[in-house]
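# Architecture at a glance
Here is what each chain is made of, one letter per residue.
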Amino acid sequence: MSDQGVAGRDVRVGCRMANGWTVVKADDELDIAFAPLVRDEVGRRLAEGHRHFVLDLCDTPFIDSMGLGMIVAVTKRIRSHHGSLLIACSDRRLLQVFALGGLRAVYSFHDSVEQAVARPPGGEGLADWPPARG
């Protein structure tokens, strides 16, 4: 991870480029304290012109409703800039949180960042956003 990113508490939100994707690494608990740091980093990168993101949750030990809400909020913001978001996460517990939140079918999940960035950006990232109600 590069030196770029947002500092907070005793952690950083790392950010780097890979194959045209802006990879934002969240390696702390994605909760009420850390989620705003991730949101701010994505917002800063959008302001710089970045459009296609991978949210790296591979080292994230925990995610709560605040973290899920932040992901939905940044997704809307990214989409309003005609961008896309992929999620790198293989932890079954975290994937279950997405499923319980009704978001498992909405996002494109990859087991690793390398897998997520294997192809350059080109319209992927959300299966059907916003999700259909019913």
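What you see is a predicted model, and the numbers here were worked out from it, not measured in a lab.

So, about the overall build of the chain. Per the secondary structure count, the chain includes four helices and six strands. For the chain, the sequential pattern of α-helices and β-strands runs β-β-β-α-β-α-β-α-β-α. Per-residue burial for the chain yields a buried fraction of 47% across its 134 residues. Taking as baseline every contact in the chain between residues at least 6 positions apart, the subset at least 24 positions apart corresponds to 65%. Carbon and sulfur atoms make up 50% of the accessible area of the chain, which totals about 6,900 Å².

Following the criterion strictly, the structure yields two aromatic pairs and no others. Consider the rings of F98 and F109, whose centres lie 5.0 Å apart with planes at 70°: the pair is edge-to-face. Taken together, the residues span a long stretch of sequence, with F98 in helix α3 (residues 92-100) and F109 in strand β6 (residues 108-110) at a distance of 11 residues. Judged by relative accessible area, F98 falls into the buried class, the value being 0%. Exposure remark for F109: the relative accessible area of 15% places this residue in the buried category. A centroid spacing of 6.4 Å and a plane angle of 75° characterise the contact between Y107 and F109, whose relative ring orientation is edge-to-face. Here Y107 matches F109 in class, with each residue buried. The structure contains a cluster of three or more aromatic residues connected by ring pairs, namely F98, Y107 and F109.

Within the element layout of this structure, D31 appears in the loop between β3 (21-25) and α1 (35-47). On the accessibility criterion, D31 (11% relative accessible area) is buried. In terms of polar contacts, D31 uses its side chain to reach the backbone amide nitrogen of F34, at 3.1 Å.

Once that is clear, we can look at the confidence of the model for the chain. The share of residues in the chain with pLDDT of 70 or more is 83%, and the mean pLDDT across the chain is 86. Contacts of residues 125-134 to residues separated by more than four positions or lying in other chains number 22 contacts, the stretch itself having pLDDT below 50.

A few words on the environment of I63. One can find I63 in the loop between β4 (52-56) and α2 (65-80). A sequence separation of 32 residues divides I63 from D31, and the C-alpha atoms of the two residues are 5.9 Å apart. Contact partners of I63, with chain neighbours within four places excluded, come to L30, L68, I71, L94, V97 and F98.

As a packed pair, α1 and α2 sit with axes 9 Å apart at the nearest point and diverge in direction by 10°. As summarised for this structure, α1 and α2 are arranged roughly parallel, according to the angle between their axes. Residue-level contacts link A35, V38, R39, V42, G43 and L46 of α1 to M66, G67, M70, V74, R77 and I78 of α2. A class-by-class count of the residues in the contact of α1 with α2 yields eight nonpolar, two polar and two charged.

In terms of nonpolar packing, the biggest core is built from 31 residues, with L30, V38, L57, I71, I87, F98 and Y107 touching the most fellow members. Only β2 (11-18), α1, β4, α2, β5 (84-88) and α3 provide two or more residues apiece to this core. No other element matches the six residues that α2 contributes to this core. When residues no more than four places from it in sequence are discounted, the contact partners of I71 are L30, L55, L57, I63, L85, I87, F98 and Y107. Residues A18, W21, A88 and V117 belong to the second largest nonpolar core, which totals nine residues.

The rules behind these values
Residues numbered from 1 in each chain as written. Predicted model: local features only at pLDDT ≥ 70, side-chain atom pairs only at ≥ 80, totals over all residues. Heavy atoms only, no water. Helix = DSSP H or I, 4+ residues; strand = E, 2+ residues; numbered from the N terminus. Buried < 20%, exposed > 50% of the residue type's maximum accessible area, 1.4 Å probe, protein only. Contact = heavy atoms within 4.5 Å. Areas by Shrake-Rupley, 256 points an atom, 1.4 Å probe, with all protein chains shown as cover. Phe/Tyr/Trp six-rings, centres within 6.5 Å; stacked < 30°, edge-to-face > 60°. Polar contact = N/O pair within 3.5 Å; in protein donor to acceptor, adjacent residues only side chain to side chain. pLDDT = per-residue confidence, 0-100. Axes fitted to C-alpha atoms, helices over the stretch in contact; angles between N-to-C directions. Parallel < 35°, antiparallel > 145°, perpendicular 65-115°, else oblique. Nonpolar A, V, L, I, M, F, W, Y, C, P; charged D, E, K, R; others polar. Core = buried A, V, L, I, M, F, W, Y, C linked by side-chain atoms within 4.5 Å.

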